[in-house]
Amino acid sequence: MIRLTATPRTASRTRPGTTPHYPSHLRSPRAWALAGALVGLLLALLLNAPARWLAAAVQQGFNGRIVLEDARGTVWNGSARLTLTGGAGSEDSAALPGRLAWQIRLKGLGLLADLNADCCMRQPWQVSLLPRWGGARLVLADSLSQWPAQALAGLGTPWNTVQPEGQLNLSTQGLTMEWAAGRLLLAGRAQLDATQISSRLSTLKPMGSYRVTLQGGAAPSFALSTLEGSLQLSGTGQWVGSRLRFDGIASAAAERLDALSNLLNIIGRRDGARAIIKVG
């Protein structure tokens, strides 16, 4: 008689009460020490990332029109000279006096930043950025600031021709920008008062003071009006999708027409003593 003997199978799982068996390289204290060192190195690199990395990101994000020069410190706590330019290939640039300082910290799943330009801000701007599915939401706390109009010349055409001089007073209330599905949604309000404005194209100094009001909503709009002066500016505009449409009029008081004629030619299409402004 032939007797068959069954060979027991090797257990594929660790029996209860026994210690799991790991490869020797995972049980080595040296391996754990190396992993910890790598994690620490990555954290140190992140926390001490140089400010020039942020400067490069800002320059790329704004197509070279905003440049952080001579960046010092780290991505999280640093400063730089803020310069406006005409973009790639442009020779126009204008640096603001003093430096722009920033402090960035984590807040939940987003970032909270304090920005302070010592030349122009009464108090730091507080900006929060929260990533969202398919976009992001940026909120600027209510703010007041003053900027030299001369800096606009750095943006190139037409500002490099107009060469404005004067003061720009900016205030914001509940200003929020949200990117969703490739669209920019704007809420809140911003007001820019351009006071005692002059130009190298006119011998009249100053020409006047003006107000631009931006109102958020389903179709963000803005309005241009004259506060005072011999050069009268007015108009309204609206964003349709990603395009700006604006219709306005520039005119001069009869006794100041000769002094403002060159500027009217630059501003828009001449129609007698006024110029028609149309964008989009």
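Residues numbered from 1 in each chain as written. Predicted model: local features only at pLDDT ≥ 70, side-chain atom pairs only at ≥ 80, totals over all residues. Heavy atoms only, no water.

Side note on the pairing of strand β5 (residues 110–117)
Where strand β4 (residues 100–107) meets β5, eight bridges bridge the pair, whose relative direction is antiparallel. Pairing of R105 across the sheet is with L112, part of β5. In this structure, the hairpin formed by β4 and β5 is closed by a connection of two residues, where G108 is found at a positive phi of approximately 65 degrees. Bridge count for β5 against strand β6 (residues 125–132) is five bridges, and the pairing is antiparallel. By the bridge assignment for β6, L115 is matched with W125. (Pairing = 2+ DSSP bridges. Helix = DSSP H or I, 4+ residues; strand = E, 2+ residues; numbered from the N terminus.)

Regarding helix α3 (residues 51–61)
Within α3, the full set of buried residues consists of A51, A55 and V58. For α3, the arc enclosing every buried residue in end-on projection is 65 degrees, short of the 170-degree limit, so these residues lie on one face. In α3, the exposed positions that point more than 90 degrees away from the buried face belong to Q60 and G61. Along its buried surface, α3 packs onto β1 (66–73) and β4. (Buried < 20%, exposed > 50% of the residue type's maximum accessible area, 1.4 Å probe, protein only. Arc of directions from axis to C-beta. Contact = heavy atoms within 4.5 Å.)

Here's the deal with the confidence of the model for the chain
On average, residues of the chain score 86 in pLDDT, and 83% of them are at 70 or above. Across residues 1–12, confidence stays below pLDDT 50; counting only partners more than four residues off in sequence or on other chains, it has zero contacts. (pLDDT = per-residue confidence, 0-100.)

Quick word on the pairing of strand β10 (residues 183–199)
Note: strand β9 (residues 164–180) against β10, 14 bridges, orientation antiparallel. Considered in β10, the bridge of E165 is made with S198. Between β9 and the antiparallel strand that follows it, β10, lie two residues; A181 among them carries a positive phi value of about 55 degrees. Sheet analysis places β10 next to strand β11 (residues 208–217), joined by eight bridges and oriented antiparallel. When the sheet's bridge partners are listed, Q191 is paired in β11 with T213.

Considering the packing of aromatic side chains
Describing an aromatic ring pair means giving the distance of the ring centres and the angle of the ring planes. Under the criterion given, the structure shown has three aromatic pairs. Look at F222 and W239: their rings are 5.7 Å apart centre to centre, the planes differ by 50 degrees, and that puts the pair in the tilted class. With F222 in strand β12 (residues 221–229) and W239 in strand β13 (residues 231–240), the pair connects residues that are 17 residues apart, well separated along the chain. For W239, a relative accessible area of 32% gives the class partly exposed. (Phe/Tyr/Trp six-rings, centres within 6.5 Å; stacked < 30°, edge-to-face > 60°.)

Thoughts on helix α5 (residues 257–267)
Side chains that are three or four residues apart share a direction in an α-helix, a result of its 3.6 residues per turn. Turning to α5, its buried residues are L260, L263 and L264. Looking down the long axis of α5, one finds its buried residues gathered within 110 degrees of arc, a one-sided arrangement. Looking at the packing, one finds that the buried side of α5 touches α4 (159–162), β10, β13, β14 (243–252), β15 (269–271) and β16 (274–279).

Examining the pattern of salt bridges
Under the criterion given, the structure shown has nine salt bridges. In this structure, R211 engages D193 in a salt bridge whose closest nitrogen and oxygen atoms are separated by 2.7 Å. With a gap of 18 residues between them, R211 in strand β11 and D193 in strand β10 connect regions that are remote in the sequence. According to the relative accessible area criterion, D193 is buried, its value standing at 13%. Residues participating in the shared-partner salt-bridge network are D70, R72 and R99. (Salt bridge = Lys/Arg side-chain N within 4 Å of Asp/Glu carboxyl O.)

Thoughts on a nonpolar patch on the surface
Taken together, the side chains of L106, L111 and L129 present a nonpolar region at the surface, about 270 Å² in accessible area. Mapped onto the elements of the fold, L129 is located in strand β6. (Patch = residues over 30% accessible without salt bridge, like charges linked within 9 Å, V, L, I, M, F, W, Y side chains within 5 Å. Areas by Shrake-Rupley, 256 points an atom, 1.4 Å probe, with all protein chains shown as cover.)

Focus on the environment of L84
By the secondary structure assignment, L84 is in strand β2 (residues 77–85). Using a relative accessible area of 16% as the deciding quantity, one classes L84 as buried.

Looking at unusual backbone geometry
Along the chain, T157 connects to P158 via a cis peptide bond; the corresponding omega equals 0 degrees. Relative to the helices and strands, P158 resides in the loop between β8 (143–148) and α4. Cis geometry is found at the peptide bond from K205 to P206, where omega equals -5 degrees. Within the element layout of this structure, P206 appears in the loop between β10 and β11.

Overview of the environment of A151
The topology assignment puts A151 in the loop between β8 and α4. Between the C-alpha atoms of A151 and S93, which are 58 residues apart in sequence, the distance is 8.2 Å. Dropping the residues within four chain positions of it, A151 is found in contact with L84, A94 and L96.

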